[in-house]
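Next come the chains, spelled out residue by residue.
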Amino acid sequence: MTRVALINPHWNFDGSIYFGCRSPHLPLELGIAERDLREAGHATLLLDAHMFALSLRDIEAELRAFRPDLIVITTAPTYLFWRCAPPELRVPQQLTRAISDFAPTLVAVGPHGSTTPRSALRKLDVDIVVMGECEQSLLRLANGERDFSGLAFRENGEIRVNGGPQAAKFIDQPALVWPDEMVRRHHHHHHRFDAEPIGPGAEVEASRGCPYHCTFCAKDNFRNAYRRRPAAAVLDEVDHLSRQNAEYIYFIDEIFLPNKELLQGLVARGLKFGVQTRIDLWKPDMLELLGRAGCVSIEAGIESLTVEGRAALEKNCKMDTDQLADRLIEAREHVPFVQANLIEMPQDDDPVVQRWRRRMLDAGVWANDPVPLYPYPGSPDYRKLWGEPDDLAWERAHTHYLALFDRFSDVQEARPVPLSALELREAS
């Protein structure tokens, strides 16, 4: 038996480009990993320092009592969003220093190590970095298996990267059950970014990966092949959350695709939920069912308002801009909040964009003022600019982005600061 502690740090978003939900997310990968480890006979401790506002002293006390053989720490507050997750490695480095003496092996999981494993290993001074989805790799480590595929580690003083990102099977994942107190404390924003959180709430993962290959997405390094769980398993998980008095569910899938069986099952359950999707994939009858099932929030990736712009992003969209607008307006007839996400593209004329935004706002659809595209390391857009990501990939992408971002957007709270300054704060 191996004693495994899994830690979700207390995140600080000051100065970040991150403009997603900043309230705590349930640490889904750590929750799945903990269940798999426990079922395999290992002892586990899950510490959500963000959810419970745990101090360093609190974490040290828990680890001292638990006596772990293996400590796992995440490198991002949300695992699934490669289009808006923080690029900075904001794991408090004083945390990794403080906990390193509590176990012989310290492991980092998350998107950063999937693209730049050597950099993550050095910055965090951990023993192992997991590339890709972590659940099966952590189980192999706890089992003492000699299969080191998908891992970066030090060997004879040198960093060794063994293979590439790993993927979990995922489709056979049963319902994930959270402690009552975690659900009670979880309040999730929905509708506008400035909306008051409601709750209790929770995230649910109905699928992983995405069948599309937009140029701005680095899913190839972390979440690639599309996999969908059976509707029955997802509904079982939703029922557990409902019994814990959850009022709102966010389907944190990279892309929530139309799923008639799941939506029909949600109709009778009376929960509110939000999704991130592509509006061109939803026919009118499915939008009506989506609203009837309880959906209160749609984030739809439109990105560009020209055929040329969407083609440059390889959106593979079969609709023209007027059809997309009509479908968004139709969605708004069934769902209280519909958001059209826009990226600043050279193919789009700003006066045309602003007129389109006003049309959407008049119809009750919120469309953001377009923001520059962030070239996430590992994405096709990053590779077009600089080739394969090296150890300075995040610094290079961040500097490039800040040079483009010379004004505030209506989705930003403050002007972002350089990556080196962000990570220096966390190291102090």
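So, how was this worked out
Residues numbered from 1 in each chain as written. Predicted model: local features only at pLDDT ≥ 70, side-chain atom pairs only at ≥ 80, totals over all residues. Heavy atoms only, no water. Phe/Tyr/Trp six-rings, centres within 6.5 Å; stacked < 30°, edge-to-face > 60°. Helix = DSSP H or I, 4+ residues; strand = E, 2+ residues; numbered from the N terminus. Buried < 20%, exposed > 50% of the residue type's maximum accessible area, 1.4 Å probe, protein only. Lys NZ or Arg CZ within 6 Å of the ring centre and 35° of its normal. Pairing = 2+ DSSP bridges. Axes fitted to C-alpha atoms, helices over the stretch in contact; angles between N-to-C directions. Contact = heavy atoms within 4.5 Å. Core = buried A, V, L, I, M, F, W, Y, C linked by side-chain atoms within 4.5 Å. Right-handed = clockwise from strand over helix to strand, strands pointing away. Left-handed = near helix turned anticlockwise from the far one by under 90°. Nonpolar A, V, L, I, M, F, W, Y, C, P; charged D, E, K, R; others polar. Expected span 1.5 Å × (residues − 1). Arc of directions from axis to C-beta.

*Asks:* For the packing of aromatic side chains, give the residues involved together with the corresponding values.
*Replies:* Within the structure shown, the criterion is met by eight aromatic pairs. Aromatic side chains Phe256 and Trp282 sit 6.3 Å apart centroid to centroid with 5 degrees between the ring planes, which places their arrangement in the stacked category. One end of the pair, Phe256, is in the loop between strand S11 (248–251) and helix H10 (260–267); the other, Trp282, is in the loop between strand S12 (272–277) and helix H11 (284–292), and 26 residues separate them in sequence. In this structure, Phe256 and Trp282 share a single accessibility class: buried. Through a chain of ring-to-ring contacts, three or more aromatic side chains come together here, namely Phe251, Phe256, Phe273 and Trp282. We note Arg3 situated over the ring of Phe66; from NZ or CZ to the ring centre the distance is 4.4 Å. A cation over an aromatic ring shows up here: Arg278 above the ring of Tyr212, its NZ or CZ 4.2 Å from the ring centre.

*Asks:* Describe the sheet that holds strand S14 (residues 337–342), with residues and values.
*Replies:* A sheet is described by the order of its strands in space; here six strands give the open sequence S8-S11-S12-S13-S14-S15, paired in parallel fashion. Edge positions in the sheet fall to strand S8 (201–204) and strand S15 (365–367), since each of these pairs with one other strand and no more. Taken over all neighbouring pairs, the strand axes of this sheet differ in orientation by 20 degrees on average, direction set aside. Strand direction decides the pairing type here: S11 and S12, joined by three bridges, are parallel. For Tyr250, the partnering residue across the bridge sits in S12 and is Gly274. Seen against the sheet, helix H9 (residues 231–243) touches S8 and S11 and runs at an angle of roughly 165 degrees to S8. Most of the contacts of helix H14 (residues 350–362) go to S15, to which it runs at about 150 degrees, and overall it touches S14 and S15.

*Asks:* Describe the nonpolar core, and please don't skip the residues or the numbers.
*Replies:* By size, the foremost hydrophobic cluster in this structure holds 74 residues, and its most contacted members are Leu138, Phe251, Leu263, Phe273 and Leu328. Setting aside its immediate chain neighbours within four residues, Leu263 contacts Phe256, Phe273, Trp282, Met286, Leu289, Leu290 and Ala293. With 23 residues, the next largest nonpolar core counts Leu63, Ile73, Ala108 and Val126 among its residues.

*Asks:* How would you summarise the pairing of strand S13 (residues 295–303) if you had to cite specific residues and measurements?
*Replies:* Burial within S13 is extensive, with nine of its nine residues counted as buried. The pairing of S12 with S13 spans five bridges and is classified as parallel. Paired with Gly274 across the two strands is Ser297, which belongs to S13. In the classification by handedness, the crossover that spans S12, the intervening H11 and the parallel S13 is right-handed. Examined bridge by bridge, S13 and S14 share six bridges and lie parallel to one another. The residue bridging Glu303 from the neighbouring strand is Leu342, located in S14.

*Asks:* Could you give me a rundown of the packing of H10 against H11, with the residues and numbers involved?
*Replies:* At a closest axis distance of 8 Å, the pairing of H10 and H11 adopts a crossing angle of 35 degrees. Along this stretch, H10 crosses H11, giving a crossing that reads as left-handed. Side by side, H10 and H11 meet where Lys260, Leu263, Gln264 and Val267 of the first sit next to Met286, Leu289, Leu290 and Arg292 of the second. In terms of residue class, the contact of H10 with H11 is built from five nonpolar, one polar and two charged.

*Asks:* Mind laying out H14, listing which residues take part and the relevant values?
*Replies:* Between the first and last C-alpha of H14 there are 18 Å, a value that for 13 residues agrees with the 18 Å anticipated at 1.5 Å per step. Of the residues making up H14, those classed as buried are Val353, Gln354, Trp356, Arg357 and Met360. Taken around the axis of H14, the buried residues stretch over an arc of 160 degrees, which confines them to a single face. As for H14, its buried residues are in contact with helix H13 (321–332), S14 and S15. Downstream of H14 by a residue or two, Gly364 has a phi angle that is positive, lying close to 90 degrees.

*Asks:* Give me the lowdown on the environment of Lys169, citing residues and values where you can.
*Replies:* Position of Lys169 among the secondary structure elements: in the loop between strand S7 (158–162) and helix H8 (180–185). Residue classification places Lys169 among the partly exposed residues on the basis of a relative accessible area of 49%. When the C-alpha positions of Lys169 and Arg229 are compared, they lie 10.0 Å apart, and in sequence the two are 60 residues distant. Sequence-distant contacts of Lys169, defined by excluding residues within four places in its chain, comprise Gln136 and Arg227.

*Asks:* Residue-level account of the sheet that holds strand S2 (residues 43–48), with values.
*Replies:* Ordered in space as S2-S1-S3-S4-S5-S6-S7, the seven strands form an open sheet in which the pairing is mixed. A strand with exactly one partner marks an edge of an open sheet, and here the two such strands are S2 and S7. Direction aside, the axes of adjacent strands within the sheet are offset by 20 degrees on average. As defined by bridge partners, strand S1 (residues 3–8) adjoins strand S3 (residues 70–74) across four bridges and the pair is classed as parallel. Paired with Ala5 across the strands is Ile71, a residue of S3.

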